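An overview of the molecular structure
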Amino acid sequence: MFILFLVISLISSINATSIVSRSQSYPLSQPAVHGPKTRLFIGNERIAPDGYSRSATLVNGAFPGTLITGKKGDKFEIDVVNKLYDDSMFQVTSVHWHGINQNKTNYADGASNITQCPITPDHSFLYSFSDPNQAGTFWYHSHYSVQYCDGLRGPLIIYDPEDPWAHLYDVDDASTVITFADWYHDIAPKLLGKISFADSMLINGIGHYYGAEGRRTKPAVITVTPGKRYRLRLIQMSCETAVQFSIDGHSLTVIEADGELTQSLVVDRLQILAGQRYSVILNATQPVDNYWVRGIPNYNQTYNGSAILRYEGATETEPTTVDTPSTHPLRETDLHALINPGAPGIRDYGKADINITLDVSFRNDSGSNGAHFYVNDATLESPSSPVLSQILNGTDASQLEPHKSMYVLGPNKVVEMTIKMNTTIESGGPHPMHLHGHSFYVVQSADADSDTFNYENPVRRDVVSTGIVRNQTVIRWVTDNSGPWFLHCHIDWHLDEGFGVVMAESPQDTLAHMSPVPHEWGRLCPIYKDYVGHTLTGSQDNSDLD
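Residues numbered from 1 in each chain as written. Predicted model: local features only at pLDDT ≥ 70, side-chain atom pairs only at ≥ 80, totals over all residues. Heavy atoms only, no water.

Here we come to helix 5 (residues 519-535). A turn of α-helix holds 3.6 residues, and therefore any two residues three or four places apart point the same way. With 17 residues, helix 5 extends 25 Å from end C-alpha to end C-alpha; this agrees with the ideal 24 Å at 1.5 Å per step. Burial in helix 5 covers these residues: Trp 521, Leu 524, Cys 525, Ile 527, Tyr 528, Tyr 531 and Val 532. Buried residues in helix 5 make contact with strand 7 (124-130) and helix 2 (387-392). (Helix = DSSP H or I, 4+ residues; strand = E, 2+ residues; numbered from the N terminus. Expected span 1.5 Å × (residues − 1). Buried < 20%, exposed > 50% of the residue type's maximum accessible area, 1.4 Å probe, protein only. Contact = heavy atoms within 4.5 Å.)

And the structure:
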């Protein structure tokens, strides 16, 4: 676990109700939108997105956070300002731009303890990045401990003026961005090390809590014009929960998975894991009425997420439609990349330049701090300084920390990774594995037969299910983006329990590969070290943090 960066945030007694302030959840039809150059204030506000009031960690006072948009090729300059003050929650932060490859800008990836030190209260950091080749549906979230479970998460969309699928839809704007987020009434630090389930599922920041303390909330409404076609951008921001997404009475055409265009595929239901995104086309051709939009969680289905699809001209009432059995559910093996199909390298299992197997296990550790995940018998531990700092300071690749969770890869090699879930007990899956810095080809899906591989035209994405007990997943990518990249389970509680590794990609080339490192990035660690020194008492010592 990343213990080093967590201690300072847990020194006070946990009190979720200590802050009294205001916030808002925006309805689907009127989200706040910021361009590629913007400022995000990270602060504490009190909100009740499901009718239950609690203090939260928010972006610009709203949940979900500000919608950030740009066009393909734009340079993003996002100034993140830390205004956190609620000492019952984490008070330092960092922000990861999920799905952005950060080619040449590894320092802007936002992963605490991997590519930066956290941003301390009353300080800021300007994340500056661009990629001329990326467009699609992305998002951003805290990458400090389990902080994003307290609310620091929001959508990020990069539009492509030359989208090959543009002829399939009429509307693709802020009103068609749909977010899913599980929501907890207890603050995240209080839930560390415990088996916990969300209290509600939010669709665009609105849900309903069925407990006695909750007040009635009105579902988010998606308004459509009869006869028009809509590109719905689905973003799964949950900390743990997977959802089954559907819209009563409507089929959906998938055209994108995790920022990568796919061949079109008609489905009536999609399972979406934490961190995953899809674009689907909705044709508004049904009778004018109200229809339920469903986000059914894989846990505790008493809190199903719901919103309303409302045709113009329909009465403003809740739908009476019913959830019918799926006849065309999405299967990952049915998705195929639209552009550059075909996995790199020799198209046979085990014939890549670098072949890695990750054996994942889960067990209780007697005499220590409870249950942990192990990857090749190592649970992820905190390095003494961010991995990128180690590399830039000239640390030999063989000495990079965390030693047991570090995989050093040569440049421009085809990597084939087999992820085996060798858990003998149910460990809270399916597990969504996310690789920073790359999209990858899924040559074997966890839901496929054990001997079924697809090297000819697999889907390309950045979050893949590795299934549950005894499942196997195989992915491929090319090491053409030098730097340290996190590979981890996107169930945030599992990452905290050690489910992650670091891919150090040609570390000897990182300095030359990157754009000039901003001076302010170099100040993050000294400022953080000074903050820790003034915050901690007793025997805690972070003197090895550079």
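The amide bond that connects Phe 63 to the next residue, Pro 64, takes the cis arrangement and shows omega of -5°. The topology assignment puts Pro 64 in the loop between strand 3 (54-59) and strand 4 (67-71). Note the cis peptide between Glu 401 and Pro 402, where omega equals 0°. Here Pro 402 is to be found in the loop between helix 2 and strand 23 (406-409). Phi at Gln 102 takes a positive value of approximately 55°, unusual for a residue other than glycine. Given the relative accessible area of 1%, Gln 102 is considered buried. Of note, Asn 376 is a non-glycine position whose phi angle comes to about 50°, a positive value. In this fold, Asn 376 is placed in the loop between strand 22 (370-375) and helix 2.

On to the sheet that holds strand 24 (residues 414-421). Taken together, the six strands give an open sheet; going across it, the order is 22-21-24-29-26-27, and neighbouring strands pair in mixed fashion. Edge strands, defined here as strands with exactly one partner in the open sheet, are strand 22 and strand 27 (460-461). Relative to strand 24, strand 21 (residues 354-365) runs parallel, the two being bridged by seven bridges. Along strand 24, the bridge assignment pairs Ile 354 with Val 415. (Pairing = 2+ DSSP bridges.)

Another point: the environment of Gly 350. Considering the arrangement of structural elements, one finds Gly 350 in the loop between strand 20 (305-311) and strand 21. Residues Gly 350 and Val 415, 65 residues apart in the sequence, show an inter-C-alpha distance of 9.6 Å.

What follows is about the nonpolar core. One broad trend across soluble globular proteins is that nonpolar side chains are buried collectively. In terms of nonpolar packing, the biggest core is built from 121 residues, with Trp 97 and Leu 270 touching the most fellow members. Discounting chain neighbours no more than four positions away, the residues touching Trp 97 are Leu 40, Ile 68, Ile 78, Val 80, Gln 102, Ala 108, Asp 109, Tyr 127, Phe 129, Trp 139, Tyr 140 and Leu 156. Ile 114, Met 406, Phe 486 and Ala 504 belong to the second-largest nonpolar core, a separate cluster that totals eleven residues. (Core = buried A, V, L, I, M, F, W, Y, C linked by side-chain atoms within 4.5 Å.)

Turning our attention to the sheet that holds strand 31 (residues 500-505). Spatial ordering of the open sheet is given by 23-31-30-25-28, a layout of five strands whose pairing is mixed. Either end of the sheet is taken by a strand with one partner, and the two such strands are strand 23 and strand 28 (463-465). Each strand of the sheet is rotated relative to its neighbour by a mean of 20°, with strand direction disregarded. (Axes fitted to C-alpha atoms, helices over the stretch in contact; angles between N-to-C directions.)

Now for the confidence of the model for the protein chain. Summing up the model confidence of the protein chain, the mean pLDDT is 90 and the portion of residues at 70 or higher is 88%. Low pLDDT, under 50, characterises residues 1-30; the stretch is placed with 109 contacts to residues that sit more than four places away or in other chains. The low-confidence segment residues 537-546, where pLDDT is below 50, has 22 contacts with residues more than four positions distant or belonging to other chains. (pLDDT = per-residue confidence, 0-100.)

As a further point, take the pattern of salt bridges. All chains considered together, the criterion is met by 24 salt bridges. The partner of Arg 153 in a salt bridge is Asp 182, and the shortest N-O contact between them spans 3.7 Å. With Arg 153 in strand 9 (residues 153-159) and Asp 182 in strand 10 (residues 177-183), this residue pair connects regions lying 29 residues apart in the sequence. In this structure, Arg 153 and Asp 182 share a single accessibility class: buried. The partner of Arg 233 in a salt bridge is Asp 172, and the shortest N-O contact between them spans 2.9 Å. (Salt bridge = Lys/Arg side-chain N within 4 Å of Asp/Glu carboxyl O.)

Bringing the pairing of strand 11 (residues 200-203) into the picture now. Covered by surrounding structure in strand 11 are Ser 200 and Leu 202 together with Met 201 and Ile 203, the residues of both alternating faces. Looking at chain direction, strand 10 and strand 11 are connected through four bridges and run antiparallel. By the bridge assignment for strand 11, Trp 183 is matched with Ser 200.

A few words now on the state of the cysteines. One pass over the structure, following the stated rule, counts two disulfides. With a sulfur-sulfur separation of 2.1 Å, Cys 117 is cross-linked through a disulfide to Cys 525. The disulfide joining Cys 117 to Cys 525 has a torsion of about 90° about its S-S bond and is therefore right-handed. Pair noted here: Cys 117 is in the loop between strand 6 (95-98) and strand 7 and Cys 525 is in helix 5, with a separation of 408 residues, a long-range link. This pair shows no difference in class: Cys 117 is buried, exactly as Cys 525 is. Here Cys 149 pairs with Cys 239 through a disulfide, and the sulfurs are 2.2 Å apart. (Disulfide = S-S within 2.5 Å.)

Attention now goes to the side chain of His 96. Note on placement: His 96 falls in strand 6. Polar side-chain contacts of His 96 include one of 2.8 Å to the backbone oxygen of Asp 109. Separated by 3.4 Å, the side chains of His 96 and His 434 make a polar contact. Dropping the residues within four chain positions of it, His 96 is found in contact with Asp 109, Gly 110, Trp 139, Tyr 140, His 141, His 143, His 434 and His 436. (Polar contact = N/O pair within 3.5 Å; in protein donor to acceptor, adjacent residues only side chain to side chain.)

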